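Notes for the structure review
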Amino acid sequence: MKADTSQFPELDKTKFEQRGTEFKLGIPITNAVTVGNSIAVGFGDGTVRIFTSGESSEPIKAHKGIVLCMSKDGDNILTGGDDGRFLNISLDGKISEIGNFGTRWVDHVTANNGSLVCSSGNIVYLWSPNHKQPKLFEHNSTIGGIAFDTKGRRLAVSRYGGVTLWKKDYSNKWNSSELNWKGSHNKVIFSPDGKYLVTSMQENQLHFWRLKDKIDSAMSGYGAKIKSFAFVDDSKYLATSGAKEAVCWPFDGDGPVGREPICLPYVGNKLVTFVEPFPNENAILTGLSDGSVFLSEIEKASNTIIIRSFTEFEVSAIAVTKDCSHLLIGDMGGNILWTSIWDEEKK
Amino acid sequence: MEETNKQVPVTVLTGFLGAGKTTLLNRILTEQHGKKYAVIVNEFGEQGIDNDLVVDADEEVFEMNNGCICCTVRGDLIRILSGLMKRADKLDAIIVETTGLADPAPVAQTFFVDQDVADRTKLDAIVTVADAVHLSTQLTDHHEAEEQIAFADVVLLNKIDLVDESGLEVVKERIKKINPFAKVINTTKCGVSLNEILNLDAFSLKRVLDVEPDFLTSDHDHEHDDDVTSLSFVSDTPLDMEKFQDWFSKLLQTKGQDILRTKGILDFTGESDRYVFQGVHMLMDASPMGKWPQGKERSSRLVFIGRNLESMNLKEGFENCKSA
C-alpha cells in the first residue's frame, strides 16, 4: 500500500482539506456507501476500504477486477463485481459470498430488511432472509438498475423500454407490472415518500412516473448523461447531475410537471458529475468533473461553500456518515478526502 | 496520471460462424506481446478463449429514443466499456467479438453516440474474418455477411489453402466490389502479424487521407437491387460548401438506412483547408484537416458503400454541388 497521506495544510486548501486527511491512492473510486458512522469505498482494483473516525483503513481484497456496485444491508456492505461475485462484507472486513455468476458481471446490488438482491445480465436474484436459494426475476433485456421502496414491498427494475415494477402481495408472492417508455433506462430510484419512480436514460434525460395514476414525463435539457441523482429533504427535490449546474426538480405538491427546476451554478463552469443529499437538510453536496465539491442550500444558492478544491479528476463518490460528523469524497483519479464536517473547536 | 485520460483502442472482430474468429482471437491473445487485453465475447462463442479478462455479453441493440431508426447502438457495449474504464490497471486494447449474424453498424455507432464511450475509448478498426471457401455463398444468402464486408477496415480472407487461384480471385473481386477501402489479407489459420489488425486507427479522419480506395473497373451487371455495392465520385472543380451540405444532409436523412459507410475528402471554393469526413449510416465525423499539400492537385473524392445506391441519383446530386 502506498497511501500517501499528507496532513500539511497549504494555503490554497479548503478548511476541510486542511482539517481532514487526503489519500492519493491512484485507483479509481467506483462507489461509496454509508454504513452507520462508517463509509465503505469500492475501488477499480476490486478492493474495499472502510473509513471510520479514529481508525485506519486497510484495503480488503473483495473482487478480482472492479467493484462495480455497492449497497448495504444493516451493518453489512454488499458489493457486486466484474468477477461475477455478489459479496457480503462486514465492517470488520469478513467476506462471505452470496452468489457467483462466473464471467457474467454483477451489475447492481441492493437490500431491504435482510432481503438481498443483485442483478446479473437480464435476471434479478432475490435472497429472502434465511433462504439459501434465490428467487429469480427474468426480464427482456439487461437490467439498468434496481431499487426497493422504503418499505421493501416494491422492487423497481429498469431495463430497455421502461421499468418492471415487482410488488409483494400479503402472501409474499411477487407480481409484476410494466411502466413503459421507449429507450434504455439505467439507474432507478423511488422517492422516499414512495409516490414517484425516477430513471436516468441512455439519452441525456430522466424519466419519472407518478405511481398512483401512472402519469409520466421526461425531464430533459441536459448536456450529458445523468449518472447521479437523488431525492433531497425527504422528497421535496430531485437533485441531478449531467449539466453545468446542479438541477433540482421540485417533487412536492403535484410534482415537477409544468414547474421549473432550481439550477445551482458553480464557479469554473464544469460538469456536475455527482450529487449527494446532505442528511436532514434541504441541501446537497455537488461534485464536479474537475474534482471540486461544494455544499449548497437548494433554496438559497448564495449559501454555497467549497468543500474540496479541484483535483482534475471527476468526482465519482460522496458520502456522509449517519451522525453527520464526517464526509468522504472520492474521484476517478483515486483521490479521497475524509474529513470531519464541523470544526472541532466550535463543537 | 495523464494515462487515465488516454483512449483505449477497441478492435471489433466480425465474421460468419466457422470463418475463424476464435482462432484469430486466441492467436492475438497468445502471442508474446506483454500487452493487457480485455476480450468481450458473446455467449454463443464457438470455443474457449484463453485470456484472464473475458467478459460475457449479450448483443443488445438499442434504438435511441430520438425517432431515428438508423441510430441503433449496442447497449451491452456501453455498459461493459464504461465498467472496464474504471479498472485500476490500464488496458492496452479491448477486442469485441461479435456473433456471426451481427450487424456491425450498431457497434460502430456506439462510438459516435455515447459520450462516455467516445471520451475513454476509440473504435480502432473493424476486422472481418471471411472464409474463402464459403464467402460467396454467404454473401448471396445473408445481408449480414455483406454488411460485415461493407464495414470492414480489414478483411482477413482465411482458409485460402482450400480454394484454387481462380476461386480466390472471384472472392476477392466480390469483396472489392462491396468495399474498395478494405485491406484484404490472405491467410490460412488466421496467420497474420498483429500490427496488420491492431492499432490501425482506421476510424480517424487522418486515416481517410491515407487510404486509397481500390476500385474495380468492372461494371455493375449481375446485381440485385439490394446487393451492397460502392460508388465513387471525383471532381477537379471545387464544390460549393452550402450546396454540398444541403444535398448531403438531405441524402443521409432520407437514405441513411441504405448508405452503410461514406468517406470523402472535399475541396470547397474559397477554403484553403481540405475537409475530411467519414460516416456510418447517418452519423458523421467531419473536420478540416489542414492545408492541401503543396504541388498536389486539389480535388474532391467521395465514396459511398451501400444498398440501392443506383436509385439515389448520387452522380447528379454531386455534380450539382460544383461551384458555378
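Residues numbered from 1 in each chain as written. Chains lettered and ligands numbered in written order. Predicted model: local features only at pLDDT ≥ 70, side-chain atom pairs only at ≥ 80, totals over all residues.

1. Comments concerning the overall build of chain B
Per the secondary structure count, chain B includes 10 helices and 14 strands. For chain B, whose C-alpha radius of gyration is 20 Å, the value lies close to the compact-globule estimate of 20 Å for 324 residues. The principal-axis extent of the C-alpha atoms belonging to chain B is close to 60 × 55 × 45 Å. Counted over contacts in chain B with a minimum sequence separation of 6, partners at least 24 positions apart contribute 76%. (Helix = DSSP H or I, 4+ residues; strand = E, 2+ residues; numbered from the N terminus. Rg over C-alpha atoms; globule rule 2.2 N^0.38 Å. Contact = placed C-beta atoms within 7 Å.)

2. Side note on the sheet that holds strand 17 (residues 174-190) of chain A
Residues and elements named next belong to chain A. One open sheet holds the six strands; their spatial order is 15-16-17-18-19-20, and the pairing between them is antiparallel. Where the open sheet ends on each side, the last strands, each with one partner, are strand 15 (145-148) and strand 20 (215-219). Ignoring strand direction, the axes of neighbouring strands in this sheet form an average angle of 25°. (Pairing = 2+ DSSP bridges. Axes fitted to C-alpha atoms, helices over the stretch in contact; angles between N-to-C directions.)

3. Here we look at the sheet that holds strand 27 (residues 293-297) of chain A
All names here are of chain A. Here four strands make up an open sheet; going across it, the order is 25-26-27-28 and the pairing antiparallel. Each edge of the sheet is formed by a strand with only one pairing partner; in this case those strands are strand 25 (272-277) and strand 28 (300-308). Across the sheet, the mean angle from the axis of one strand to that of its neighbour is 25°, orientation sign disregarded. With five bridges connecting them, strand 26 (residues 283-288) and strand 27 associate as antiparallel partners. Considered in strand 27, the bridge of Ile-284 is made with Ser-296.

4. Observations regarding helix 6 (residues 143-150) of chain B
Counting buried positions over the eight residues of helix 6 of chain B gives six, a clear majority of the element. Turning to helix 6 of chain B, its buried residues number three or more, namely Ala145(B), Glu146(B), Glu147(B), Gln148(B), Ile149(B) and Ala150(B). (Buried ≥ 20, exposed ≤ 12 C-beta atoms within 10 Å, placed from the backbone.)

5. Let's talk about the domain arrangement of chain B
All names here are of chain B. Segmentation of chain B into domains returns domain 1 (2-203) and domain 2 (227-319). For domain 1 and domain 2, the distance between their C-alpha centroids amounts to 26 Å. Listed per partner, the contact involves 18 residues of domain 1 and 16 residues of domain 2. Of the residues forming the side of domain 1 that touches domain 2, the biggest block, four residues, is contributed by helix 3 (residues 104-113). Of the residues assigned to the side of domain 1 that touches domain 2, the class counts are 13 nonpolar, two polar and three charged. (Domains from an automatic or database assignment. Nonpolar A, V, L, I, M, F, W, Y, C, P; charged D, E, K, R; others polar.)

6. Side note on helix 9 (residues 241-255) of chain B
Residues and elements named next belong to chain B. Here helix 9 contains 15 residues, and its C-alpha end-to-end distance of 20 Å stays within 8% of the 21 Å for a straight helix at 1.5 Å per residue. Taken residue by residue, helix 9 has Phe-244, Phe-248 and Lys-255 as its buried positions. Here the buried residues of helix 9 occupy an arc of 65° about the axis, which is enough to place them on one side. For helix 9, the exposed residues lying more than 90 degrees away from the buried face are Glu-242, Lys-250, Gln-253 and Thr-254. Where helix 9 is buried, its residues touch strand 11 (259-266). (Expected span 1.5 Å × (residues − 1). Arc of directions from axis to C-beta.)

7. Re the interface of chain A and chain B
Across the contact, 26 residues belong to chain A and 20 residues belong to chain B. At three residues, strand 17 of chain A tops the list of elements feeding residues into the side of chain A that touches chain B. Residue composition of the side of chain A that touches chain B, by class: nine nonpolar, 11 polar and six charged.

8. Some words on the confidence of the model for chain B
Residue and element names in this part refer to chain B. Across chain B, the average pLDDT comes to 87, with 90% of residues at or above 70. Taking the mean pLDDT of every element in chain B, the minimum, 80, falls on helix 8 (residues 205-210) and the maximum, 96, on strand 8 (residues 154-158). Note that residues 1-5 has pLDDT below 50 and, in this model, three contacts with residues that lie over four places away or in other chains. In the predicted structure, residues 218-222 sits below a pLDDT of 50 and forms one contact with residues beyond four places in sequence or in another chain. (pLDDT = per-residue confidence, 0-100.)

9. A word on the confidence of the model for chain A
The share of residues in chain A with pLDDT of 70 or more is 96%, and the mean pLDDT across the chain is 93. This model gives residues 1-10 of chain A a pLDDT under 50, and the stretch forms 10 contacts once residues within four places in sequence are excluded.

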